[in-house]
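# Structural features, examined
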Amino acid sequence: MSGRRPVVYPDTTAPLRDRTREALADDSLAANLRAAGASWGTARARISAENPFAQMRDRAREIRRGDIGDLPELLDRLEERVRAAGGVVTRAADADAACRYITDLAAARGATLVAKSKSMATEEIKLNEAIEESGLRVVETDLGEWILQLAGQHPSHIVAPAVHLNKEQVRQVLMAESGWELPTDREALVAHARTRLREVFASADIGISGVNFGVAETGTICVVENEGNARLVTALPRIHVAVMGMERVVRDWDEAAHILQILPMAAIGDDAAGYVNLITGPRAPGEADGPEELHLVILDGGRSALLGTDLEEALDCIRCGACLYSCPMWRSVGGQAYGSPYSGPIGSVLTPLLEGMEGERSSELPFMSSLCGSCHDACPVGIPLHDLLVRVRARVTTTAHRRDRARFRLWSRAWSSPGAYRLSVAAARIGLRLVGRRGWARRLPGPGAEWTSQRDLPTRWPPTPPR
Amino acid sequence: MAADTAALSEGLLAALARRRATGAVVDAAGAAGAAAAQAAQWGVTRSLLVDDPVLEDLAIGPGLARDGDGHEVLVWPEGRGRGWRELLGLEGPELTMGVTVPRLGVAERGTLVLETGPGHGRSIDVVSMYHLAVLPASRLRATLGEALVETYARDGRPPSAVSLVSAPSRTSDIEKISTLGAHGAKGLHVLVVADR
């Protein structure tokens, strides 16, 4: 076997423009994304036709708006009920606090192996890196996440993290891990992963899961999945740590039942997830299995600052990934080019909100959208993502792009005076004639080069017909 | 069987079939035979049963043990004095079939509601290669909302773990094509036992 490991793709330290170019030039990525988008689209169209999706979505939106409106109260109730059931609850203000709590716990219990099920919140806080730095081994057990962990890559989709890879690429990664020769056969690759990961479930000291929802009424954590790994992670190790974004609370079981139905419809085009694990506290007296300790880490990480603002609706998100599949940008470049754990339209909104407006990704991602609104149509809780994108752009522009603001102010002042307007247009006309050949400018200097890299610019009016 | 129960059973099995699970409606006298036949079809050699009066009444355990040579039938959690980790096949030979008795079944979406308790381990259906669920028809409910509200409406501490199972273990992580048996049961078969 070749032992070839795929490169981390694309290099997330490169500027966004380079990352998207690199992604667009990758034919296999384009084919994988096209197939994924088409398969989701078909399943989603079928399930929407079989169910009163529009009404379900209205109800889901009402539920999420209500829950976020009462968030502080619902969180208090959730915390109280989890404690009453024997769980330990901690509120982490930021990523550092959350990671520190978990690594301290692991050290205190003498843990050596941590098994994880899929969790975007732990991607957000870079928990794996923190655990590894503390000297422990951590293994992702969701098949897609495991493949990416082995390949040294980040997820490209909230729900289907390895959707950008094809089976041959997956085979290469799995062969490099085990040193075994494997066929390019999906079932064989899945069976292989099952065998390798069973040892991890059997010997892990700590299981870490995400939380799709916390149900305030009873203090119950819902973990939704299809593979069965989340059940094993939450049932077999001695300690279960659940990491939850603070907005992921629903009031009661009536609401939970509704969200649990619309989530898989939006995410995978099915009316039920394969497994939903509903966990209320650790192992109860008289029970033979289940963790002895349950720790719930509730992560703020910038979320509470959105409450009561015109960006609050970003907190309604149930992380189904539908807006990614529906987005023409995401479908063209995939999630990795975004360089953030959250990609696609919701990622372009959340990244600046959670990381602050100053970062490089924050100032670029909100502009990675044509504002076509297909994300809003796809969203099962009706978040007006295109409006949020515009609002985030405005914020980013007022905080990060001081130079741009100065430039636009100058331009606005110049074109407010007829004399200055005429002068600038005359100068542009002469400039264009100078660089143009036969009525067309094909390569402009300076900032104009970006325009002419894609199109030609007529230098006369009416334009000469192109040859 | 009452007409509404028949409709609910049909709904449950039809919804499960869409997710590649199988099942049948059987009467009490035929349940043990149907369980044994399914185990034989899967080639099961080692089964772990939840400790539940429904399985005892229907004589599912003895029915399985009669099936061919060397079919080892264990009952949670004592299982002939072994530790629970060995019972689950985490140590020693892998478990091939888990037999559960769901507390409720949901017809609308094709969902089983498995509740943990002293006789019901929380991972029996997932550590096994195959999952056989034995559901009395009287436990069928029309909607998920009804079933969840009923499960959590009781006084006292809510069940420590409830699992909603609606499909065999599956993954679409390779090329978005659904493949069975990722970590949990590769096959799910539901026997709906008609009321006596």
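This is a predicted model, so every value here is computed, not measured.

### Describing the overall build of chain A
Of the regular secondary structure elements, chain A holds 21 helices and twelve strands. Relative to the 2.2 N^0.38 estimate, which gives 23 Å for 467 residues, the radius of gyration of chain A is 25 Å and therefore close to what a compact globule would have. Counting only C-alpha atoms and orienting by the principal axes, one finds that chain A spans roughly 90 × 55 × 50 Å. With 467 residues in all, chain A has 49% of them scored as buried. Taking as baseline every contact in chain A between residues at least 6 positions apart, the subset at least 24 positions apart corresponds to 72%.

### Focus: the overall build of chain B
Check the secondary structure of chain B and you find seven helices and twelve strands. Taking 16 Å as the expected radius of gyration for a compact globule of 196 residues, we find that chain B reaches 16 Å, a close match to that expectation. Counting only C-alpha atoms and orienting by the principal axes, one finds that chain B spans roughly 45 × 40 × 40 Å. Considering only intrachain contacts with a sequence separation of at least 6, the fraction spanning at least 24 residues in chain B is 78%.

### With respect to the sheet that holds strand β7 (residues 239-245) of chain A
Pairing between sheet strands relies on hydrogen bonds along the backbone, with the strands arranged either parallel or antiparallel. Residue and element names in this part refer to chain A. Read across the open sheet, the six strands follow the order β1-β10-β7-β4-β2-β3; overall the sheet is parallel. Looking at the sheet topology across the chains shown, the edges are occupied by β1 (88-92) and β3 (137-140). Across this sheet, the average inter-strand angle for adjacent strands is 20°, counted without regard to direction. Two strands pair when backbone bridges link them, and β1 and strand β10 (residues 293-299) are joined in this way by five bridges, in the parallel orientation. Of the residues in β10, the one forming a bridge with Arg 91 is Ile 298.

### Thoughts on the domain arrangement of chain A
Residues and elements named next belong to chain A. Assigned domains within chain A: domain 1 (16-305), domain 2 (309-402) and domain 3 (403-458). The centre of domain 1, based on its C-alpha atoms, is set 21 Å off from the matching centre of domain 2. Contacts between domain 1 and domain 2 engage 37 residues on the former and 27 residues on the latter. Secondary-structure elements contributing two or more residues to the side of domain 1 that touches domain 2 are α1 (16-24), α2 (27-50), α3 (53-69), α6 (120-124) and α12 (253-268). Residue composition of the side of domain 1 that touches domain 2, grouped by class: 18 nonpolar, ten polar and nine charged.

### Quick look at the packing of helix α9 (residues 167-178) of chain A against helix α10 (residues 186-203) of chain A
Residue and element names in this part refer to chain A. Axis separation between α9 and α10 bottoms out at 11 Å; the angle between their running directions is 30°. As summarised for this structure, α9 and α10 are arranged roughly parallel, according to the angle between their axes. Regarding α9 and α10, the two cross each other, and that crossing is left-handed. Across the interface between the two elements, Lys 167, Val 170, Arg 171, Leu 174 and Ser 178 from α9 touch Arg 186, Leu 189, His 192, Ala 193 and Arg 196 from α10. In terms of residue class, the contact of α9 with α10 is built from four nonpolar, two polar and four charged.

### Notes on the packing of helix α8 (residues 143-151) of chain A against α9(A)
All names here are of chain A. The N-to-C vectors of α8 and α9 enclose an angle of 65°; their axes lie 9 Å apart at closest approach. With respect to each other, α8 and α9 are oriented roughly perpendicular. Classified by chirality, the crossing of α9 by α8 is left-handed. Every residue of α9 that contacts α8 at Ile 147, Leu 150 and Ala 151 is listed here: Val 170, Val 173, Ala 176 and Glu 177.

### Considerations on the nonpolar core
Judged by nonpolar contacts, the single largest core of 193 residues is most densely connected at Cys222(A), Val297(A) and Val134(B). By residue number, the principal contributor to this core is α12(A), which donates eleven residues. Residues from two domains meet in this core; each of domain 1 (16-305) and domain 2 (309-402) of chain A gives at least three. Dropping the residues within four chain positions of it, Val134(B) is found in contact with Ala31(B), Val54(B), Leu55(B), Leu58(B), Ile60(B), Val99(B), Val101(B), Leu191(B) and Val193(B).

### A word on the sheet that holds strand β5 (residues 104-106) of chain B
With mixed pairing, eight strands are arranged side by side in an open sheet as β8(A)-β5(A)-β6(A)-β9(A)-β9(B)-β6(B)-β5(B)-β8(B). One side of each edge strand has no neighbouring strand; the edge strands of this open sheet are β8 (249-250) of chain A together with β8 (140-141) of chain B. Pairing geometry for strand β5 (residues 213-215) of chain A and β8(A), over two bridges, is parallel. Paired with Val215(A) across the strands is Val250(A), a residue of β8(A).

### Looking at the environment of Leu324(A)
Inspection of the secondary structure puts Leu324(A) in helix α13 (residues 322-326). Considered as a pair, Leu324(A) and Tyr101(A) are 223 residues apart in the sequence and their alpha carbons are 32 Å apart.

### Considering helix α15 (residues 344-355) of chain A
Residues and elements named next belong to chain A. With twelve residues, α15 ought to run about 16 Å at 1.5 Å a step, and its terminal C-alpha atoms sit 16 Å apart, in line with that. Within α15, eleven of the twelve residues are buried, which leaves it mostly tucked inside the rest of the structure. Those residues of α15 that sit buried are Gly 344, Pro 345, Ile 346, Gly 347, Ser 348, Val 349, Leu 350, Thr 351, Pro 352, Leu 353 and Leu 354. Two residues or fewer past α15, Gly 356 is found with a positive phi of approximately 95°.

### Digging into the pairing of strand β2 (residues 46-49) of chain B
Residue and element names in this part refer to chain B. The pairing of β2 with strand β3 (residues 72-75) spans four bridges and is parallel. Across the sheet, Ser 47 pairs through a bridge with Val 73, a residue of β3. In terms of strand pairing, β2 meets strand β4 (residues 97-100) through three bridges, oriented parallel. Its bridge partner lying in β4, Ser 47 is registered against Met 97.

### A closer look at unusual backbone geometry
For the bond running from Trp76(B) to Pro77(B), omega is -10°, close enough to zero to count as cis. Along the chain, Pro77(B) falls in the loop between β3 and α5 (84-87). For Arg319(A), which is not a glycine, the phi torsion comes out positive at approximately 55°. For Arg319(A), the location among the structural elements is in the loop between β10 and α13.

Criteria and thresholds
- Residues numbered from 1 in each chain as written.
- Chains lettered and ligands numbered in written order.
- Predicted model: local features only at pLDDT ≥ 70, side-chain atom pairs only at ≥ 80, totals over all residues.
- Helix = DSSP H or I, 4+ residues; strand = E, 2+ residues; numbered from the N terminus.
- Rg over C-alpha atoms; globule rule 2.2 N^0.38 Å.
- Buried ≥ 20, exposed ≤ 12 C-beta atoms within 10 Å, placed from the backbone.
- Contact = placed C-beta atoms within 7 Å.
- Pairing = 2+ DSSP bridges.
- Axes fitted to C-alpha atoms, helices over the stretch in contact; angles between N-to-C directions.
- Domains from an automatic or database assignment.
- Nonpolar A, V, L, I, M, F, W, Y, C, P; charged D, E, K, R; others polar.
- Parallel < 35°, antiparallel > 145°, perpendicular 65-115°, else oblique.
- Left-handed = near helix turned anticlockwise from the far one by under 90°.
- Core = buried A, V, L, I, M, F, W, Y, C linked by C-beta atoms within 7 Å.
- Expected span 1.5 Å × (residues − 1).

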